[in-house]
Amino acid sequence: EDKRGTNAIGTALALAKPVRIHGDEHYLQLHGFLTCSACPIFSPSGEFIGVVDISAPAKRETQQALALAILAAESIENRLLWQESQKQQAGIIEEIR
């Protein structure tokens, strides 16, 4: 956001929440032809680890893109949480043995 101006990825990072930036809402005119939806991804411990972004031509805008980005980020977070719990369970089993 501070380097490229308003854009979905940068704004999602800055606000730590899902956002949609459409067409001329982009700071850079170069990106004005796009509609972008982005959602941050957080680790099980709550640290930021990435962003899911769905971008398409603005003329093909769809309201479902933001919902899809949110679902994708939540799916990744849930998978990471599941993997962490599997590691912890394996450690507990090893301690018992």
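Presented here is a report on the structure given in the accompanying data block. Only a predicted model underlies this, so the values are computations on that prediction, with no experimental measurement involved.

Cut-offs and rules
- Residues numbered from 1 in each chain as written.
- Predicted model: local features only at pLDDT ≥ 70, side-chain atom pairs only at ≥ 80, totals over all residues.
- Heavy atoms only, no water.
- Pairing = 2+ DSSP bridges.
- Helix = DSSP H or I, 4+ residues; strand = E, 2+ residues; numbered from the N terminus.
- Axes fitted to C-alpha atoms, helices over the stretch in contact; angles between N-to-C directions.
- Contact = heavy atoms within 4.5 Å.
- Buried < 20%, exposed > 50% of the residue type's maximum accessible area, 1.4 Å probe, protein only.
- Polar contact = N/O pair within 3.5 Å; in protein donor to acceptor, adjacent residues only side chain to side chain.

## A look at the sheet that holds strand β2 (residues 34-42)
Step number 1: Spatially, three strands are ordered β1-β2-β3 in an open sheet, and the strand pairing comes out antiparallel. Across the chains shown, the open sheet's two edge strands, defined by having one partner strand only, are β1 (19-22) and β3 (48-57). Pairs of neighbouring strands in the sheet enclose a mean axial angle of 20 degrees, with direction left out of account.
Step number 2: Across nine bridges, the pairing between β2 and β3 is antiparallel. Residue pairing for β3: A38 is matched across the bridge by D53.
Step number 3: In this fold helix α2 (residues 64-96) packs onto β1, β2 and β3, with an angle of close to 20 degrees to the strand it touches most, β2.

## A few points about the side chain of T35
Step number 1: Relative to the elements of secondary structure, T35 occurs in strand β2.
Step number 2: Relative accessible area serves as the criterion here: at 8%, T35 is assigned to the buried category.
Step number 3: Only 3.1 Å separates the side chain of T35 from the side chain of H22, close enough to count as a polar contact.

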